[in-house]
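# Remarks on the overall topology
Here are the chains, one letter per residue:
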Amino acid sequence: MLFTPLWDLSNDPVLEILREDFMRLLAIGFNIRHIACSAARAGHQVFAVDCFRDLDLESCAIETAQIPRDQAEDLISTHVDRVHPDAIVLGPGLEEIQLKGERVLNNPPKKVSMVSDKLWMARWLQRQGFPFIKTELSADGLQSPILVKPRKGAGGYGCRLVKNAAELNWAEGFVAQDFIAGEPASVSVIGNGHEARAVAVNEQLVGAKWAGASDFRYVGNITPLECPSCGIAKMAERIVAALGLLGSNGVDFLLTERGPVVVEVNPRFQGSLDTVEMATGINIFQSHLEAFAGILPRRPRACCTAGRAIIYADRNFEVGKDLRDLGDWIADIPRPGSQIAAGDPILSILARGRNRYETLALLMQRAARLDERIKFLQKES
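Since the model is a prediction, treat every value here as computed from it, not as a measurement.

We now examine empty space enclosed by the protein. Enumeration according to the criterion identifies three cavities of 30 Å³ or more in this entry. Of the voids in this model, the largest cavity is the one considered here, and its volume is about 70 Å³. The wall of the largest cavity is formed by Glu95, Leu105, Asn106, Asn107, Val112, Leu246, Ser248, Pro267, Arg268, Phe269 and His288. Here the residues of the lining of the largest cavity sort into five nonpolar, four polar and two charged.

Here's what the structure looks like:
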């Protein structure tokens, strides 16, 4: 099946060949540690601005700054004028912002808005003949149980399962879907607007109780996926190419008894960035950057199994001390004095192993060690 990209990118100024070996970059978003550190590992000068200013963000940035979430959009221009970057990377929460006259290394805002819309995406997948999940603005015509989720959103936040339409307390900005059982997976894809290259197939960790999560909350990834992937890498490449997406993108799947089903397309950097880089050695940011010049990476091979898990708080607490002495296996490290609310992320833990079993066991072991450390610090205070 042949596809025609939905957007004409031939006159897009962001496709100008990027000849600089090292760029002065402004990375700004709600949380951009993974993006900023990948860019720094590629040799670029990174000025990082987000809502947390985690301790490990400082280790990879020339300069960091913290912004309130409710003022993030309004403060972009202030930081652009201050940094005078060669290019800007808009991170989570800001990818749909239009910045005129600036070199922005993201998918066009209009495209991000459309592809991130789960209702629009389901209809597009259906038209193009890809396996999709029936998605509606009401429960009419859906089979029970029904999955309700934000029409736009990520990480499983706000998703809930209801037994039937009678239990549905409808809210604006949500969609209803047929609930489909399956194993969650994702494909990390680099696109140049016309073609696409899958660089990793990942297992998704969802609702893991050992990480403090429940229901459909995104916990992290294990890369590479060990079970049969049912051709989802090729399917993800076709989807990203047909949508005309640029740079780093992700396609989420459910692996079911009847085959893979597309859950959503993420036209942005994904949470799997860490595990993909750890497992394959590829630098995602540099591959993202080169894609804007039309260059796609070679398909890398995994040299190990890598895992990342987000650990969620089961209670309100204040981070009393620097947690970096736990080891080099933690990331997104909160600053002392940070207030963590129950249900919010505390930090991420990382692990490498020879296989999935070893990597997952190490993640769980380190999650327990972190929990013990937090309880000890609370007793001390």
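Once that is clear, we can look at the nonpolar core. With 31 residues, the main nonpolar core has Val219, Ile311, Leu323, Ile330, Ile346 and Ile349 as its most contacted residues. At the level of elements, β11 (218-223), β14 (305-312), β18 (345-353) and α9 (356-380) are the ones that each hand at least two residues to this core. A total of six residues in this core trace back to one element, the largest contributor, which is α9. Excluding anything up to four places from it in sequence, Ile346 contacts Ile311, Tyr312, Ala313, Phe317, Asp332, Pro334, Ile340 and Ile374. In this structure, Ile32, Ile190, Ile282 and Phe292 belong to the second largest nonpolar core, which totals 30 residues.

To continue, consider the sheet that holds strand β12 (residues 246-256). Spatial strand order, β13-β12-β9-β10-β11-β14-β18-β16: eight strands in an open sheet with antiparallel pairing. Two strands close off the open sheet at either side, each with one partner strand: β13 (259-266) and β16 (330-331). Here β11 runs beside β14; their pairing, made up of four bridges, is antiparallel. Residue pairing across strands places Asn221 opposite Arg308, the latter belonging to β14.

Of note, the bond from Ser144 into Pro145 is cis; its omega dihedral lies within 30 degrees of zero at -5 degrees. Looking at the element boundaries, Pro145 is found in the loop between β5 (135-136) and β6 (146-150). For the peptide bond that leads from Thr223 to Pro224, omega is 0 degrees, which places it in the cis range. Structurally, the position occupied by Pro224 is in the loop between β11 and α6 (232-243). Positive phi, close to 50 degrees, is recorded for His84, a residue that is not glycine. Inspection of the secondary structure assignment puts His84 in the loop between α3 (72-83) and β4 (87-90). A positive phi angle, near 55 degrees, is found at Asp215, a position not held by glycine.

Because an α-helix completes one turn every 3.6 residues, residues spaced three or four positions apart along the sequence face the same direction. Listing the buried residues of helix α5 (residues 118-128) in full gives Lys118, Leu119, Trp120, Met121, Ala122, Trp124 and Leu125. In this structure, the buried residues of α5 make contact with α4 (109-116), β5, β6, β8 (174-178), α6 and β13. For α5, the N-terminal capping position is held by Asp117, with its side-chain oxygen 3.0 Å away from the main-chain nitrogen of Leu119. Remark: Gly129 follows α5 within two positions and exhibits a positive phi of approximately 85 degrees.

Counted under the stated rule, the structure contains 21 salt bridges. Between Glu58 and Arg53 there is a salt bridge, and its shortest N-O distance comes to 3.3 Å. Note on Glu58: relative accessible area 32%, which makes it partly exposed. A relative accessible area of 24% means that Arg53 is categorised as partly exposed. Where Glu237 meets Arg299, a salt bridge forms, and the shortest distance between an N and an O atom there is 2.4 Å. Here the residue Glu237 occupies a position in helix α6, and Arg299 occupies one in the loop between α8 (284-291) and β14, the gap between them amounting to 62 residues. Look at Arg299 and you get partly exposed, because its relative accessible area is 44%.

Before going further, it helps to spend a moment on the environment of Val276. With respect to the secondary-structure elements, Val276 resides in helix α7 (residues 273-280). With 119 residues separating them in the primary sequence, Val276 and Tyr157 have C-alpha atoms 23 Å apart. Not counting chain neighbours up to four residues away, the residues in contact with Val276 comprise Ser188, Val199, Ala200, Asn202, Thr223, Gly281, Ile282 and Ile284.

Once that is clear, we can look at the state of the cysteines. One pass over the structure, following the stated rule, counts one disulfide. There is a disulfide in this structure between Cys37 and Cys60, and the S-S distance comes to 2.4 Å. Residues Cys37 and Cys60 are joined by a disulfide whose S-S torsion is about -70 degrees; by sign, that bridge is left-handed. On the criterion of sequence distance, the pair formed by Cys37 in helix α1 (residues 33-41) and Cys60 in the loop between α2 (55-58) and β3 (63-66) is long-range, its members being 23 residues apart. Judged by its relative accessible area of 13%, Cys60 is buried. Free cysteine: Cys51, not disulfide-bonded; nearest cysteine sulfur from Cys60 at 16 Å. Judged by relative accessible area, Cys51 falls into the buried class, the value being 11%.

Conventions adopted
- Residues numbered from 1 in each chain as written.
- Predicted model: local features only at pLDDT ≥ 70, side-chain atom pairs only at ≥ 80, totals over all residues.
- Heavy atoms only, no water.
- 1 Å grid on protein atoms, 1.4 Å probe; cavity = no way out; pocket = protein on both sides within 12 Å on 5 of 7 lines; lining within 4 Å.
- Points joined across faces, edges and corners; volume = space filled by probe spheres on them.
- Nonpolar A, V, L, I, M, F, W, Y, C, P; charged D, E, K, R; others polar.
- Core = buried A, V, L, I, M, F, W, Y, C linked by side-chain atoms within 4.5 Å.
- Buried < 20%, exposed > 50% of the residue type's maximum accessible area, 1.4 Å probe, protein only.
- Helix = DSSP H or I, 4+ residues; strand = E, 2+ residues; numbered from the N terminus.
- Contact = heavy atoms within 4.5 Å.
- Pairing = 2+ DSSP bridges.
- Polar contact = N/O pair within 3.5 Å; in protein donor to acceptor, adjacent residues only side chain to side chain.
- Salt bridge = Lys/Arg side-chain N within 4 Å of Asp/Glu carboxyl O.
- Disulfide = S-S within 2.5 Å.

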